[in-house]
Amino acid sequence: AQSVTQLDSQVPVFEEAPVELRCNYSSSVSVYLFWYVQYPNQGLQLLLKYLSGSTLVKGINGFEAEFNKSQTSFHLRKPSVHISDTAEYFCAVSETYNTDKLIFGTGTRLQVFP
Amino acid sequence: NAGVMQNPRHLVRRRGQEARLRCSPMKGHSHVYWYRQLPEEGLKFMVYLQKENIIDESGMPKERFSAEFPKEGPSILRIQQVVRGDSAAYFCASSPGQGPYNSPLHFGNGTRLTVT
């Protein structure tokens, strides 16, 4: 079975500072990896995904993530955050041969201060 | 091009009542997924349906919960005899096909169920 750990429940940061949101996963099989963002009272929106190929994945809104197989991590980064990036961020995995369901982490709340 | 539509946005039920949550997938999408988000937790998979078929219901509680996706009309998540522990946000997602190559899953804005 897979599991996803997001080590930080909250990350406060000032505007224009860099940010890294950490995600580690556990799985005995190959996985696909995803980051989603959830704005208040809204559904989830895909930021980026890793399926195969280059381990550095670029997504929307200036976010990127790097897949590190040896460390089973998929940390999300942005070099300069904006107030509008304030939201909840979820890391998720799915098995490559059973993609019916996503396993989500508990989320990291990014709070950007002016 | 409307996204995934869920209604109602907020639903209040007393213990013992029934809750019916509706989800209309994006146009052209025939795959529907239901997830539940408990307070302070991530989303948990409940069920995956295609038109008229339940494909994977491994995340559904064994009792009181059921889901359907009829040939015509929205997908329905039904919770009978609700209890306070059912209070959560229920999200529906849709995709045009199975697998991450048909991702992203398009999520609705959720139905927030409160059981009093």
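Data block above holds the structure.
### So, the pairing of strand S10 (residues 87–95) of chain A
All names here are of chain A. Counting buried residues along S10, nine of its nine residues qualify, which places the element largely inside the surrounding structure. The side-chain alternation of S10 yields two buried faces, one formed by Ala87, Tyr89, Cys91, Val93 and Glu95 and the other by Glu88, Phe90, Ala92 and Ser94. Note that strand S5 (residues 31–38) and S10 share eight bridges and pair antiparallel. Following the sheet pairing, Tyr36 is matched in S10 by Phe90. Across three bridges, S10 lies against strand S12 (residues 108–113) in antiparallel orientation. The partner of Glu88 across the bridge, within S12, is Arg109. Here two bridges tie S10 to strand S11 (residues 103–104), and the two strands are oriented antiparallel to one another. Its bridge partner lying in S11, Ala92 is registered against Phe104.

### Brief notes about the interface of chain A and chain B
The accessible area lost on association of the parts is a frequent measure of interface size. Chain A puts 19 residues into the contact, and the matching count from chain B is 24 residues. For the pairing of chain A and chain B, the buried interface totals around 1,800 Å² over both sides, and the portion due to carbon and sulfur atoms is 54%. For chain A, the biggest contributors to the area lost against chain B are Asp100, Lys101 and Phe104 of chain A; these three give 29% of the whole. Where chain A packs against chain B, one counts one salt bridge. Salt-bridge contacts for Lys101 of chain A lead to Asp56 of chain B; the nearest nitrogen and oxygen are separated by 3.3 Å. Linking chain A to chain B there are five residue pairs in polar contact (both at pLDDT 80 or more). Mapped by element, the contributors of at least two residues to the side of chain A that touches chain B are S5 and strand S6 (44–50) of chain A. When residues in the side of chain A that touches chain B are grouped by element, the largest group, four residues, is from S5 of chain A. Considered class by class, the residues forming the side of chain A that touches chain B number nine nonpolar, seven polar and three charged.

### Considering the sheet that holds strand S8 (residues 75–79) of chain B
Through backbone hydrogen bonds, the strands of a sheet pair up, either in parallel or in antiparallel fashion. All names here are of chain B. The antiparallel open sheet is built from four strands, whose spatial order is S1-S3-S8-S7. Two strands in the sheet have a free side with no partner beyond their single neighbour: strand S1 (5–7) and strand S7 (65–68). In this sheet, adjacent strand axes meet at a mean angle of 15° when their direction is disregarded. Both S7 and S8 contribute to a ladder of four bridges, which runs antiparallel.

### Focus: the environment of Val4 of chain A
Residue and element names in this part refer to chain A. Relative to the elements of secondary structure, Val4 occurs in strand S1 (residues 3–5). Judged by relative accessible area, Val4 falls into the buried class, the value being 12%. For the pair Val4 and Cys23, spaced 19 residues apart in sequence, the C-alpha to C-alpha distance is 7.0 Å. Excluding anything up to four places from it in sequence, Val4 contacts Cys23, Asn24, Tyr25, Cys91, Val93, Ile103, Phe104 and Gly105.

### Here we look at the nonpolar core
One recurring pattern in soluble globular proteins: nonpolar side chains tend to sit buried together. The biggest cluster of nonpolar side chains holds 28 residues, and the ones touching the most others in it are Leu33, Trp35, Leu47, Leu48, Phe74, Leu76 and Tyr89 of chain A. Those elements that place two or more of their residues in this core are strand S2 (10–14), strand S3 (19–21), S5, S6, strand S8 (64–68), strand S9 (73–78), S10 and S12 of chain A. Residues Leu21, Trp34, Leu49 and Ala88 of chain B belong to the second largest nonpolar core, which totals 23 residues.

### Concerning the packing of aromatic side chains
Residue and element names in this part refer to chain B. Evaluated as defined, the whole model comprises 13 aromatic pairs over all chains. Consider the rings of Tyr33 and Tyr48, whose centres lie 4.5 Å apart with planes at 5°: the pair is stacked. Of this pair, Tyr33 sits in strand S4 (residues 31–37) while Tyr48 sits in strand S5 (residues 43–50), and the two are 15 residues apart along the sequence. Of the two residues, Tyr33 and Tyr48, neither departs from the other in class, the shared state being buried.

Quick notes on the rules
Residues numbered from 1 in each chain as written. Chains lettered and ligands numbered in written order. Predicted model: local features only at pLDDT ≥ 70, side-chain atom pairs only at ≥ 80, totals over all residues. Heavy atoms only, no water. Buried < 20%, exposed > 50% of the residue type's maximum accessible area, 1.4 Å probe, protein only. Helix = DSSP H or I, 4+ residues; strand = E, 2+ residues; numbered from the N terminus. Pairing = 2+ DSSP bridges. Contact = heavy atoms within 4.5 Å. Buried area = accessible area lost by both parts, 1.4 Å probe. Salt bridge = Lys/Arg side-chain N within 4 Å of Asp/Glu carboxyl O. Polar contact = N/O pair within 3.5 Å; in protein donor to acceptor, adjacent residues only side chain to side chain. Nonpolar A, V, L, I, M, F, W, Y, C, P; charged D, E, K, R; others polar. Axes fitted to C-alpha atoms, helices over the stretch in contact; angles between N-to-C directions. Core = buried A, V, L, I, M, F, W, Y, C linked by side-chain atoms within 4.5 Å. Phe/Tyr/Trp six-rings, centres within 6.5 Å; stacked < 30°, edge-to-face > 60°.

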